[in-house]
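Understanding the architecture of this molecule
As a plain string of letters, each chain reads:
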Amino acid sequence: MNLIETQSTKGFDSHGIDSIGSIDASRDTSHIPLRQSIKKFPRIVGYCLALSSAFLLYGYDLVIVGTVAAMPQFQLVYGQELNGKYIIPSMWLSLWNVASYIGLMFGSILGGYYQDRRGRRITIAIGSFLSTIAVAICYISDLPEEIESRRGVFFASKLFQGICIGILLCVTQTYMSEVLPVVLRGPIIAFYPIFTLLGQLVGSVVVYTSLKHPGAESYRICFASQWPFSAIPIALALFLPESPTWLLRKGQSENALKAQKQLDTSRVNSESVIDELQASILAENGSTTHKYADCFVGVNMRRTLIVAFAHIIPQMFGLQLLANASYFMQIVGMSSSNSLIFLMLGIGLGLLANVTSLWALNAFGRRFLILLTLSIVTVLWFAIGIAGIFKGTPTIWYTAVSMMIIVMISGFGSWPASHVVAAEASSLQLRAKTQGIGWFTSGVGTAVFAIILPYIYNADKGNLGAKTGFVMAGFAAVAVVVVWLSIPEMKGRTPMEIDRMFSLRLRTREFKGWHSDVNLRSETENTHPPTEA
């Protein structure tokens, strides 16, 4: 939480003009180089990077179902024979894919409730501990004799794991938003897909190296490898300072100052930070309590819809299908070992592209990057669909290479930029609730794609194979149109400026050319005409 942001929610006079605009502008530190900001707040950056192990766990879990499902031994134990080859039934593959996201939605709600009652640290520890139990259930899911029981236990473990991940993601993002200074909030948000991809890369490497192990040991190693990711937040919670904001809300001023000093270095005046936080909380207590319904009233409706759509952009460019690329490529005709190699190469390229996006987001802007990369992805998916009409080795390799390029292009633009847009577009007054709606939308969108995609490409149902590219091209094309019509450019804008532009109901393409000083002066002169001498 930031004092300026809290004031900005109520710093408008009776005419709607920002009465503290000069304060916000004077404290805008967006021009400070990233390296200098990291040097000023090294402990906060270190804690946030350590907490990002939750995103690693999320990325690992995102890829583990689709990747393990591509292992021959797993298919033998959990699958069924079709035309002389073992496959995972579409129904169970869909259920396993969707289980994590259903759990994530419930876990986010549970985590948001519990962390406000008991604190951030204990919620992190509980979510992480429960995750270790979920991994254990997954590890023993092949013990039942009946195949339907094995599949059911595996589903239950993924559902439980999704709840745990939802708790961890919710509390991690809350903690980061409360302790990060404004200048570092953007770069840390852009790191979200980087750590997610890193988790996917680690998961795919573990699966590939586990192929050489015989019997059940091959996929059990993959399940057990999730334990370290679950254990890291538990260890971190032992020495992680509690959120000073939460402590102040509970009336623990001395503990809040102690926690803030643990977060800061000697170059930062911790007492001043606590004073500002305390002033923010006192101001909040006197303000009107906002409800979820307020997110859909007036101009907030537009902002909420932008946040919600930004959260499903990853599914529109094909993230769910890319996460299951190893199994999908086997359906197209590639061997299991080669499909895993291409999955790892694609994730590695996507990881490099995400790192590059940290520069690109400031150089080109969010809207331009999303439009450009989504347009390219649309063409690539359509080309994959055309290739799927033909049969043979060229189609297999063309599809694999094209999917790697799609991962790289999306990682450079639309994926990280969508998360930044979701964070920037939310109202200051309704930020927490709007983000909650965004995450809920993300879970719903991911669950829907996880259910329908196997029915489209799997051999026992739609059997489209590479022609699934036509379907994904359609989704990406729709995303291009919606982004063009609704998502404005907010690069380099302060929260106060973004609030002002939305309150003025500017058109989407008017955001980029709007100048705060000129427009604010014009509005002030029109509202308060100069008096005659």
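Below: a short report on this structure. Since we're looking at a predicted model, the values are computed, not measured.

1. Concerning the packing of aromatic side chains
With the rule as written, the count across this model stands at 20 aromatic pairs. Judged by centre distance (4.2 Å) and plane angle (20°), the rings of Phe74 and Tyr78 are stacked. Of the two residues, Phe74 and Tyr78 both sit in helix H6 (residues 72-78), four residues apart, roughly one turn of that helix. Exposure remark for Tyr78: the relative accessible area of 0% places this residue in the buried category. One aromatic cluster in this structure is built from Phe74, Tyr78, Trp92, Trp96, Phe154, Tyr219 and Phe223. In this structure, Arg220 is placed above the aromatic ring of Tyr139, and the distance from its NZ or CZ to the ring centre is 5.4 Å.

2. Examining the side chain of Ser157
The residue Ser157 is located in helix H9 (residues 147-179) in this model. A residue is classified by how much of its surface remains accessible, and Ser157, at 0% relative accessible area, is buried. Ignoring any residue separated from it by four or fewer positions in sequence, one finds Ser157 in contact with Ala134, Ile137 and Cys138.

3. Topic: the environment of Gly411
In this structure, Gly411 sits in helix H21 (residues 393-412). Considered as a pair, Gly411 and Pro193 are 218 residues apart in the sequence and their alpha carbons are 7.8 Å apart. Not counting the four nearest positions on each side in its chain, Gly411 is found in contact with Gly350, Ala353, Asn354, Ser357 and Pro416.

4. Regarding a nonpolar patch on the surface
On the surface, a cluster of nonpolar side chains totalling about 560 Å² of accessible area is made up of Met91, Phe440, Val444, Val448, Ile451, Ile452 and Tyr455. The biggest single contributor to the nonpolar patch is helix H23 (residues 431-457), with six residues.

5. Description of the packing of helix H11 (residues 217-224) against helix H12 (residues 226-239)
H12 packs onto H11 with a crossing angle of 10° between their chain directions and a minimal axis gap of 4 Å. Considering their axes alone, H11 and H12 lie roughly parallel with respect to each other. Where H11 approaches H12, its residues Cys222, Phe223 and Ala224 are matched on the opposing element by Gln226, Trp227 and Pro228.

Definitions and cut-offs
Residues numbered from 1 in each chain as written. Predicted model: local features only at pLDDT ≥ 70, side-chain atom pairs only at ≥ 80, totals over all residues. Heavy atoms only, no water. Phe/Tyr/Trp six-rings, centres within 6.5 Å; stacked < 30°, edge-to-face > 60°. Helix = DSSP H or I, 4+ residues; strand = E, 2+ residues; numbered from the N terminus. Buried < 20%, exposed > 50% of the residue type's maximum accessible area, 1.4 Å probe, protein only. Lys NZ or Arg CZ within 6 Å of the ring centre and 35° of its normal. Contact = heavy atoms within 4.5 Å. Patch = residues over 30% accessible without salt bridge, like charges linked within 9 Å, V, L, I, M, F, W, Y side chains within 5 Å. Areas by Shrake-Rupley, 256 points an atom, 1.4 Å probe, with all protein chains shown as cover. Salt bridge = Lys/Arg side-chain N within 4 Å of Asp/Glu carboxyl O. Axes fitted to C-alpha atoms, helices over the stretch in contact; angles between N-to-C directions. Parallel < 35°, antiparallel > 145°, perpendicular 65-115°, else oblique.

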